Amino acid sequence: MLDNRRDTRREGRYEKVAPEANFPVNYHFADFVKGRYATTAAHWHEHLELLCVRQGLLHIYIQGKQIEAVPEDIIVINSGEIHAIPEKDDDTTYDCLIPQKTLCDRMAIPIENVIVENHIRDERYTALFQKIMTELQEMLPFYKLSVPIHLLDLVVSLFRDYQISSDMASDSRRPSKRFVIKKAIEYIQKNYAQPISTKGICEYLGFDQSYICNNFREITGTTIIEYLNMVRCEHAQELL
């Protein structure tokens, strides 16, 4: 299952996953995202992540694009994309599936080089997603064999049906301001326990304060100070 603790690695803020032994799929059910994990500060990771809204209205930021997803919508977060859920209503829940990169690599699925549309409304994919979650929840016989097969089928079908054209993909992965904001996130993750300020972060990055502040809010849905407070609260929760 997905462990909501965080880990900072070579490219920044990653979700730290704690998979079951010999099972290359991470997941959590809708009930898990209630309460203390109602919001998710901006981060990214090397894995592909799939969400399916179960109830309510989910507001999620992906690469600076705000998406409003309703029940049965699928959200695809591509490898390396900055994403955040800065606020969430108590009645909004969603399921999550993450095929580990090792699984995709083993099957030669190039998740680093293919960009899929982030917001998908297609009952075929919702049905397959829900079938996988049912297998996981009920632990049906041989589910550890069945789930990776169905999940790979889902991923490959998404690549075929919802892949973004090479020109659009190139634009969406263009470094510029997203690269700078990733560096800001890295800096905050490494120094959250220290007395840091917006001015200090901008000086470290070597960019004008208005440029950093405007782009940080655009991409993450929060201000730098709000994000810093979210990170500090997450770490305080872990200690508790």
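Residues numbered from 1 in each chain as written. Predicted model: local features only at pLDDT ≥ 70, side-chain atom pairs only at ≥ 80, totals over all residues. Heavy atoms only, no water.

A. Quick peek at the sheet that holds strand 9 (residues 83–85). If you trace the four strands from one edge of the open sheet to the other, you get 4-9-6-7, paired in antiparallel fashion. Each of the sheet's edge strands pairs with one partner strand only, and the pair in question is strand 4 (40–43) and strand 7 (65–69). Averaged over all pairs of adjacent strands, the angle between their axes in this sheet comes to 20 degrees, without regard to strand direction. (Pairing = 2+ DSSP bridges. Helix = DSSP H or I, 4+ residues; strand = E, 2+ residues; numbered from the N terminus. Axes fitted to C-alpha atoms, helices over the stretch in contact; angles between N-to-C directions.)

B. Examining a negative patch on the surface more closely. Together, Glu87, Asp89, Asp90 and Asp91 line one region of the surface with negative charge. By the secondary structure assignment, Asp91 is in the loop between strand 9 and strand 10 (93–99). (Patch = residues over 30% accessible without salt bridge, like charges linked within 9 Å, V, L, I, M, F, W, Y side chains within 5 Å. Areas by Shrake-Rupley, 256 points an atom, 1.4 Å probe, with all protein chains shown as cover. Salt bridge = Lys/Arg side-chain N within 4 Å of Asp/Glu carboxyl O. Lys, Arg positive; Asp, Glu negative; His and termini not counted. Charge placed at Lys NZ, Arg CZ, Asp CG, Glu CD.)

C. Up close: the packing of aromatic side chains. If you walk through the whole model with that rule in mind, you get six aromatic pairs. Seen from their ring centres, Tyr187 and Tyr204 are 4.4 Å apart, and the 35 degrees between their planes marks the pair as tilted. One end of the pair, Tyr187, is in helix 5 (residues 176–191); the other, Tyr204, is in helix 6 (residues 198–205), with 17 residues separating them in the sequence. (Phe/Tyr/Trp six-rings, centres within 6.5 Å; stacked < 30°, edge-to-face > 60°.)

D. Up close: the pairing of strand 10. Extensive coverage of strand 10 is indicated by the burial of seven of its seven residues. Bridge analysis of strand 3 (residues 25–28) against strand 10 gives four bridges, and the strand direction is antiparallel. Opposite His28, over in strand 10, you have Cys96 as the bridge partner. Note that strand 5 (residues 49–55) and strand 10 share five bridges and pair antiparallel. Following the sheet pairing, Leu51 is matched in strand 10 by Cys96. (Buried < 20%, exposed > 50% of the residue type's maximum accessible area, 1.4 Å probe, protein only.)

E. Just the nonpolar core, in detail. Leu50, Leu97, Leu136, Leu154 and Leu158 are the most contacted members of the largest nonpolar core, which has 32 residues in total. Listed by contribution, the elements that provide at least two residues to this core are strand 3, strand 5, strand 8 (74–77), helix 1 (101–106), helix 2 (123–138) and helix 3 (143–162). A total of nine residues in this core trace back to one element, the largest contributor, which is helix 3. Ignoring anything within four residues of it in the chain, the contact list for Leu136 reads Phe23, Tyr27, Phe29, Leu97, Tyr143 and Val147. Judged by nonpolar contacts, the second largest core, of 23 residues, contains Trp44, Ile82, Ile181 and Ile224. (Core = buried A, V, L, I, M, F, W, Y, C linked by side-chain atoms within 4.5 Å. Contact = heavy atoms within 4.5 Å.)

F. Summary view of the pairing of strand 6 (residues 58–62). In terms of burial, strand 6 is largely enclosed, as four of its five residues are buried. Turn length for the strand 6-strand 7 hairpin, with the two strands adjacent in sequence and antiparallel, is two residues, and the turn residue Gln63 shows positive phi of about 55 degrees. One ladder, built from two bridges, connects strand 6 with strand 9; its direction is antiparallel. Opposite Ile62, over in strand 9, you have His83 as the bridge partner.

G. Structural detail: the sheet that holds strand 11 (residues 119–120). One open sheet accounts for five strands, arranged 3-10-5-8-11; its pairing is antiparallel. Bordering the open sheet on either side are strand 3 and strand 11, each of which pairs with just one other strand. Pairing of strand 8 with strand 11, which is carried by two bridges, proceeds in the antiparallel orientation. Counted as the bridge partner of Ile75 is His119 from strand 11. On top of the sheet, helix 2 reaches strand 3, strand 5, strand 8 and strand 10; it is set at about 85 degrees to strand 10, its chief contact.

H. Highlighting helix 8 (residues 224–239). The end-to-end C-alpha distance of helix 8, which contains 16 residues, comes to 23 Å, matching closely the 22 Å that a straight helix rising 1.5 Å per residue would cover. Taken together, the buried positions of helix 8 are occupied by Ile224, Tyr227, Leu228, Met230, Val231, Glu234 and His235. Seen along its axis, helix 8 keeps its buried residues to an arc of 160 degrees; they face one direction. (Expected span 1.5 Å × (residues − 1). Arc of directions from axis to C-beta.)

I. The arrangement of the packing of helix 2 against helix 3 in detail. Two elements in contact, helix 2 and helix 3, have axes whose closest approach is 10 Å; the angle formed by their N-to-C orientations is 160 degrees. Classed by the angle they form, the pair helix 2 and helix 3 counts as roughly antiparallel. When you trace helix 2 past helix 3, the crossing you get is left-handed. Note on element contacts: helix 3 touches helix 2 through Tyr143, Ser146, Val147, His150, Leu151, Asp153, Leu154, Ser157, Leu158, Asp161 and Tyr162, opposite Arg124, Tyr125, Leu128, Phe129, Lys131, Ile132, Glu135 and Leu136. Among the residues making up the contact of helix 2 with helix 3, the classes are represented as 11 nonpolar, three polar and five charged. (Parallel < 35°, antiparallel > 145°, perpendicular 65-115°, else oblique. Left-handed = near helix turned anticlockwise from the far one by under 90°. Nonpolar A, V, L, I, M, F, W, Y, C, P; charged D, E, K, R; others polar.)

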